[in-house]
Amino acid sequence: MNIILKPYIQIVDFLGKVLGKNFEIILHDLENLDGSVVASANSTRKIGDSFWGPISKISDRIYNNQLNFEQDYIINYDGLSKTGDPVKFSTFFIKDENNKTIGLLGINADYSDLEIIKEKVDSLLNFDMMGKSENKDLDSIEIIASNIIDNTVNEFKKKDPEMSLDRKLKLVEEFNKKGVFLVKGTVQKIAKLLDISEPSIYRYLSKIKDTSE
């Protein structure tokens, strides 16, 4: 193993413990590709394993012996794990005094667990938003019905301030035509505004129904 890589071995163990099981940490010695792994954490790959396994744009360049990487690192690029699962790679290039890349410190992130969690969270959020949307629609209908009741009562009171019983029953009939009674809670509201009992409203609605039939 190239002596330049030795300080990185402890870093591999450190990163593995900090980042957790979804992050594979690998230290490669590029002078021996058939046994390049010199340290690993959260990985099935062991010391002495071959470099070849995960597929990425970095491994393709190394396969073609293109080791002069100008940048110091590349982060969050896509690739495939040894088992063919999609992985996000981040690679730090370890170079010698001649700026030749002699090793790689790789962090390979498996986000499959997080994707499953994200799907579940998205599903719950969509359900919640749908529920809110439905409640909002219901609230709007109740507001519209309430406005119809208030406006209609006010109009009737202008014509007949005393609001005789016959007038009140006519008003109930008007509300029925407008479909106000299809909205929950309107009977109670109308009974209170007209100062008549709820049973009286139901009886009159029943009478209207019998007459129409």
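Residues numbered from 1 in each chain as written. Predicted model: local features only at pLDDT ≥ 70, side-chain atom pairs only at ≥ 80, totals over all residues. Heavy atoms only, no water.

**Looking at the overall build of the chain**
Consideration 1: On a plain count of helices and strands, the chain comes out with 6 helices and 5 strands.
Consideration 2: For the chain, the α and β elements follow one another from N to C terminus as α-β-β-α-β-β-β-α-α-α-α.
Consideration 3: When the 213 residues of the chain are sorted by exposure, 35% land in the buried category.
Consideration 4: Contacts in the chain between residues at least 24 apart in sequence constitute 42% of all its contacts with a sequence separation of at least 6.
Consideration 5: Here the chain displays about 14200 Å² of accessible surface, and carbon together with sulfur accounts for 54% of that area. (Helix = DSSP H or I, 4+ residues; strand = E, 2+ residues; numbered from the N terminus. Buried < 20%, exposed > 50% of the residue type's maximum accessible area, 1.4 Å probe, protein only. Contact = heavy atoms within 4.5 Å. Areas by Shrake-Rupley, 256 points an atom, 1.4 Å probe, with all protein chains shown as cover.)

**A look at the pairing of strand β1 (residues 23-29)**
Consideration 1: In terms of burial, β1 is a largely internal element, 6 of the 7 residues being buried.
Consideration 2: The pairing of β1 with strand β5 (residues 101-109) spans 7 bridges and is classified as antiparallel. Within the sheet, the bridge partner assigned to L27 lies in β5 and is L105.
Consideration 3: As defined by bridge partners, β1 adjoins strand β2 (residues 37-41) across 4 bridges and the pair is classed as antiparallel. Within the sheet, the bridge partner assigned to I25 lies in β2 and is A41. (Pairing = 2+ DSSP bridges.)

**Section: the environment of T44**
Consideration 1: Along the chain, T44 falls in the loop between β2 and α2 (57-63).
Consideration 2: Judged by its relative accessible area of 70%, T44 is exposed.
Consideration 3: Taking the C-alpha atoms as reference points, T44 and E24, separated by 20 residues in sequence, lie 8.9 Å from one another.

**Describing the pairing of β5**
Consideration 1: Burial runs high along β5: 8 of the 9 residues are buried.
Consideration 2: The turn linking strand β4 (residues 86-95) back onto β5 is made up of 5 residues, and N99 within it adopts a positive phi angle of 65°.

**What about helix α5 (residues 186-194)?**
Consideration 1: Of all the residues in α5, the buried ones are T186, V187, I190, A191 and L194. Summarising the axial view, the buried residues of α5 lie within an arc of 130°, below the 170-degree limit, and thus occupy one face.
Consideration 2: D195 sits one or two positions beyond α5 and adopts a positive phi of about 60°. (Arc of directions from axis to C-beta.)

**As for unusual backbone geometry**
Consideration 1: The phi dihedral of N99 falls on the positive side, at around 65°, and the residue is not glycine.
Consideration 2: Tracing the chain through its elements places N99 in the loop between β4 and β5.
Consideration 3: Looking at N99, the relative accessible area reads 46%, which means it is partly exposed.

**Focus on a nonpolar patch on the surface**
Consideration 1: Taken together, the side chains of F14, V18 and L19 present a nonpolar region at the surface, about 290 Å² in accessible area.
Consideration 2: Within the secondary structure, F14 is located in helix α1 (residues 6-19).
Consideration 3: Using a relative accessible area of 53% as the deciding quantity, one classes F14 as exposed. (Patch = residues over 30% accessible without salt bridge, like charges linked within 9 Å, V, L, I, M, F, W, Y side chains within 5 Å. Salt bridge = Lys/Arg side-chain N within 4 Å of Asp/Glu carboxyl O.)

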